[in-house]
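Each chain is listed here by its residues.
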Amino acid sequence: MSTPGVRAVERHEAEIRVMLAFAIAGGCIGFVVAFYLAYLFPGIPQSVLLGEWVGAIFFAGFIARAIRKSSPSLAAPRRRRTLVVGSGERAAQLLGEPRRTELDGLTVVGLVDLNGVGLGRTIRGVRVVGTLHDLPKLAQQLRAEFAIIALEAGDLLEMRRAVDQCIAGALQFKTLPSPHELPQQAPGVSQLRNVRIDDLLGRAPANLDLPPVRADLCDRVVLLTGAAGSIGSELARQIASFGPARLVLLDQSESDLYFVHLELQQAHPAVAVLPVICDIAHAGRLAQVFAQHRPDYVVHAAAYKHVPLMETNVLEAVRNNVLGTLLVATTAVRYGASKVLLVSTDKAINPSSVMGATKRVAERIIFGLPNLHRSGTDFRAVRFGNVLASKGSVIPLFERQLAAGGPITVTDPLVERYFMTIPEAAQLVLQAGSLPETAGAIAMLKMGEPVRILDLAEKLIRFTGRVPGKDVRIVFTGLRPGEKLTEEQVSILEAGVPTSSEKIRISQTTESAGPELVQKLSRLFTHLDVGDQERVLATLCELVPECVPPLQQSRAAVTAGPRATREDAGQWGDLLDPSHVGWRERRRGVQRHAIPPDLRVTDRRQGAGCRRQAARVGGRRQTDMGMLLATGSSAVPHGS
């Protein structure tokens with residue numbers, strides 16, 4: 001039984017035959033009238049004229065049918081018969097440039113409507129021949145071999161349907177760039193690009209509330225840690241567009257930082273963009289950077305984020321993600337930053353991995369450490385899930401495996417993840433940082449629906465014109481250390497509260513803070529100093545009581561031996577003790593000091609260095625953190 005789309009094609013062909021007959025009849029009548037008026041061949045019988053008319057119709061129809069059924073190379077040499085998916089404004093713009101269509105070797109044979117509303121309509125001489133549901137049959141009926149997806153921006157569900165139908169119809173396909181990719185140009189055939197996975201997994205563009213974000217960033221000194229990473233570099237691009245007085249890009253990776261700095265210099269010549277090579281766990285160097293640049297707003301995106309890698313590098317995960325966050329936060333307070341925004345992760349919710357636990361402890365530090373809580377600095381955190389095409393994400397891995405011919409490795413057939421595009425994540429992070437209701441709270445970005453990784457792998461294989469399981473094998477390797485089947489959006493200790501932004505909500509927590517947090521952090525850093533990985537893991541679990549297996553199993557190690565005491569903590573007890581005399585409440589509105597010509601001063605708001613207190617223990621350098629980070633210290637040591 002034929003579908004409405006196929007019947008529409010048949011009606012279209014019948015109409016063409018009728019039009020052809022009328023055209024030939026009109027030509028014959030005109031021919032006879034002209035000859036009779038000119039008195040030419042007066043002896044020609046009328047039967048001959050009638051036979052000429054019938055024969056012309058027959059032979060014209062025969063020749064047209066033969067051409068239509070002949071090879072595409074004969075009907076339209078070196079042109080691919082093409083269907084355009086979409087019948088809206090973007091499709092009309094595409095069809096409005098016939099010269100480019102000819103140059104690209106395409107012959108548009110029909111338009112495909114999404115729901116059939118425009119069935120039978122003609123746009124710029126091209127008829128709407130069917131619906132998206134009929135696309136595979138239409139491709140066979142019209143002998144199409146190529147499709148252009150020309151849907152309106154934001155039709156993500158329809159984009160997924162269109163891709164699935166193109167694959168089902170064995171059509172090669174491309175799409176038009178989105179308006180934000182070509183803001184000043186109309187879409188055209190010469191701009192076609194391959195469909196990317198973020199076209200299918202992304203969501204409608206975030207409605208960024210620009211005035212509050214601009215007020216938050218414009219004419220301020222902004223310091224961004226982790227500026228060379230996937231999220232950090234996109235945050236840098238977006239921050240620079242709001243015109244800060246100075247943007248300090250801080251990272252350890254010199255090559256990546258160089259290219260981000262070069263890009264921003266060229267794109268925003270009016271903004272002072274300064275690259276800084278620095279390890280956030282190096283207290284002395286961090287203090288020098290803050291003393292020199294005096295940032296008003298600190299966006300802390302630097303972290304180790306690779307889950308399985310951190311399972312085998314526990315000490316570095318704690319050093320960078322926990323100690324690094326503590327040093328950034330306390331240094332920001334000491335040098336008068338008015339706002340600190342921590343970029344966190346959904347893996348901090350009921351964490352099953354070392355990485356997730358370290359990020360959860362980082363959140364507890366900025367909200368629960370008494371010295372920071374009473375400082376007057378506005379601390380915030382933003383959580384979100386996986387981002388597409390980031391350096392450590394699954395998409396680049398799948399693409400490399402496909403380029404090598406396979407197989408593609410998937411951990412488990414049921415594993416799911418939440419995904420966002422990098423630009424959307426960066427936009428929402430900055431918006432969360434500007435909302436009044438997120439002050440002193442953890443903001444959680446709404447991630448939409450989870451995506452099954454197996455579906456993602458199969459779709460990527462089909463993008464290349466191959467069949468999953470036949471042309472490219474999919475191998476299941478089992479969950480890696482620290483991984484879950486699914487990520488959660490709310491912890492067992494938290495409740496979600498909506499905000500004025502549709503895609504941002506607040507996670508309200510009932511966690512305890514104060515002396516207990518100080519004691520456990522002191523013990524964690526003491527074990528870190530001596531390189532005791534088992535006790536670091538055990539203390540990490542104590543700091544995150546909501547942790548789940550496999551991380552939770554590390555808690556048992558804490559009972560295997562005596563617990564660390566305050567005397568063991570030494571310097572860390574002085575740093576974290578809320579009664580320590582070195583901490584003083586920082587008041588808002590403190591007048592800024594000019595950049596000091598020499599960092600070797602004694603003022604508490606000037607630069608501070610770290611000094612080696614003792615010989616290396618366990619391969620690590622110990623530093624007098626109490627002296628280094630005490631905000632009210634009357635004398636600041638120097639050296640490295």
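Residues numbered from 1 in each chain as written. Predicted model: local features only at pLDDT ≥ 70, side-chain atom pairs only at ≥ 80, totals over all residues. Heavy atoms only, no water.

A. Focus on the overall build of the protein chain. Assigned secondary structure in the protein chain consists of 24 helices and 21 strands. Counting all 640 residues of the protein chain, 51% fall into the buried class. Counting only contacts in the protein chain whose residues sit at least 6 apart along the sequence, the fraction spanning at least 24 positions is 76%. Total accessible area computed for the protein chain in this model is approximately 29100 Å², and 56% of it derives from carbon and sulfur atoms. (Helix = DSSP H or I, 4+ residues; strand = E, 2+ residues; numbered from the N terminus. Buried < 20%, exposed > 50% of the residue type's maximum accessible area, 1.4 Å probe, protein only. Contact = heavy atoms within 4.5 Å. Areas by Shrake-Rupley, 256 points an atom, 1.4 Å probe, with all protein chains shown as cover.)

B. Molecular detail of the pattern of salt bridges. Tallying each qualifying case throughout the model produces 21 salt bridges. Put simply, E158 and R161 hold a salt bridge, and the shortest N to O gap is 2.7 Å. Taken together, the residues E158 and R161, both in helix α7 (residues 156-168) and 3 residues apart, mark about one turn of the helix. Judged by its relative accessible area of 22%, E158 is partly exposed. Across the salt bridge formed by D455 and R452, the nearest N and O atoms sit 2.8 Å from each other. (Salt bridge = Lys/Arg side-chain N within 4 Å of Asp/Glu carboxyl O.)

C. Structural detail: the confidence of the model for the protein chain. When the pLDDT values of the protein chain are averaged, the result is 77; 70% of them are 70 or greater. Across the protein chain, strand β7 (residues 221-225) holds the top mean pLDDT of 98, while helix α24 (residues 625-629) sits lowest at 37. Confidence over residues 99-103 falls short of pLDDT 50; this stretch has 6 contacts with residues more than four positions distant or in other chains. Of the regions scoring below 50 in pLDDT, residues 578-640 engages in 149 contacts with residues more than four places distant in sequence or in other chains. (pLDDT = per-residue confidence, 0-100.)

D. Structural view of the packing of helix α12 (residues 283-293) against helix α14 (residues 314-334). One way to put it is that α12 packs onto α14 with a least axis distance of 10 Å and a crossing angle of 35°. When you trace α12 past α14, the crossing you get is right-handed. Residue-level inspection shows A283, L286, A287 and F290 of α12 in contact with α14, the latter providing L327, V328, T331, A332 and R334. (Axes fitted to C-alpha atoms, helices over the stretch in contact; angles between N-to-C directions. Left-handed = near helix turned anticlockwise from the far one by under 90°.)

E. Summary view of the sheet that holds strand β5 (residues 146-149). Read from one edge to the other, the open sheet built from 6 strands follows the order β3-β4-β2-β1-β5-β6, with strand pairing classed as mixed. The open sheet has two edge strands, β3 (122-123) and β6 (172-175), and neither has a second partner. Strand direction decides the pairing type here: strand β2 (residues 106-113) and strand β4 (residues 126-131), joined by 3 bridges, are parallel. In the sheet register, V112 faces β4, and the bridge partner there is G130. Its contacts with the sheet put α7 on β1 (80-85), β5 and β6, and the angle it makes with β5 is roughly 180°. (Pairing = 2+ DSSP bridges.)

F. Quick look at helix α9 (residues 210-217). Among all positions in α9, only V213, D216 and L217 are buried. Buried positions in α9, seen along its axis, are confined to an arc of 85° and lie on one side of it. Opposite its buried face, α9 presents the exposed residues P211 and A215, each directed more than 90 degrees away. Of the residues trailing α9, D219 is marked for its positive phi of about 65°. (Arc of directions from axis to C-beta.)

G. Region of interest: the environment of G385. For G385, the location among the structural elements is in the loop between β12 (378-383) and β13 (386-387). Expressed as a C-alpha distance, the spacing of G385 and S344, which sit 41 residues apart in the sequence, is 9.1 Å. G385 has contacts with D346, Y418 and M447, leaving out every residue within four places of it along the chain.

H. Layout of the sheet that holds strand β8 (residues 246-251). As summarised here, the arrangement of the 9 strands in space is β9-β8-β7-β10-β11-β12-β17-β21-β20, forming an open sheet in which the pairing is mixed. Unpaired on one side and paired on the other, β9 (272-277) and β20 (494-498) mark the two borders of the sheet. The mean angle between the axes of side-by-side strands here comes to 25°, regardless of whether they run parallel or antiparallel. Sheet topology note: the strand β10 (residues 297-300)/strand β11 (residues 339-343) ladder contains 4 bridges and is parallel. Looking at β11, one finds that V298 is bridged to V340.

I. Here's a closer look at the pairing of β11. Counted residue by residue, β11 has 5 buried out of 5 residues, so it is predominantly covered. Here β11 shows no split at all, with K339, L341 and V343 on one side and V340 and L342 on the other all buried. Relative to β12, β11 is paired through 5 bridges, and the arrangement is parallel. Across the sheet, L342 pairs through a bridge with A381, a residue of β12.

J. Main features of the packing of helix α20 (residues 515-530) against helix α21 (residues 533-543). Between α20 and α21, whose axes approach to 9 Å, the crossing angle comes to 160°. Here α21 runs roughly antiparallel to α20, going by the angle between their axes. You can see that α20 and α21 cross each other, and the crossing is left-handed. When α20 is examined against α21, the residues L517, K520, L521, R523, L524, H527 and L528 are found in contact with a partner set consisting of R535, V536, T539, L540, E542 and L543. (Parallel < 35°, antiparallel > 145°, perpendicular 65-115°, else oblique.)

K. A look at helix α15 (residues 354-368). With 15 residues, α15 should cover 21 Å at 1.5 Å per step; its first-to-last C-alpha distance of 20 Å lies within 8% of that length. Across the 15 residues of α15, 15 count as buried, placing the element largely inside the fold. (Expected span 1.5 Å × (residues − 1).)

L. How the structure looks around the packing of aromatic side chains. The final tally for this structure, using the stated rule, is 1 aromatic pair. On the basis of an interplanar angle of 70° and a centroid distance of 5.1 Å, the ring pair of Y258 and F259 is categorised as edge-to-face. In this arrangement the basic side chain of R80 is found over the ring face of F146, its NZ or CZ atom lying 4.3 Å from the centre. Above the face of the Y297 ring, K339 is positioned so that its terminal group lies 5.2 Å from the ring centre. (Phe/Tyr/Trp six-rings, centres within 6.5 Å; stacked < 30°, edge-to-face > 60°. Lys NZ or Arg CZ within 6 Å of the ring centre and 35° of its normal.)

M. The arrangement of unusual backbone geometry in detail. Residue P407 is bonded to the preceding G406 through a cis peptide linkage, with omega at 0°. Among the structural elements, P407 can be located in the loop between α17 (394-403) and β14 (408-410). Omega for the peptide link from P549 to P550 comes to 5°, which places this bond in the cis form. Positive phi, close to 65°, is recorded for D219, a residue that is not glycine. One can find D219 in the loop between α9 and β7. Positive phi outside glycine occurs at N350, with the angle close to 45°.

N. Spotlight on a nonpolar patch on the surface. On the surface, a cluster of nonpolar side chains totalling about 310 Å² of accessible area is made up of Y258, F259 and L262. Within the secondary structure layout, Y258 lies in helix α11 (residues 254-267). For Y258, a relative accessible area of 47% corresponds to the partly exposed category. (Patch = residues over 30% accessible without salt bridge, like charges linked within 9 Å, V, L, I, M, F, W, Y side chains within 5 Å.)

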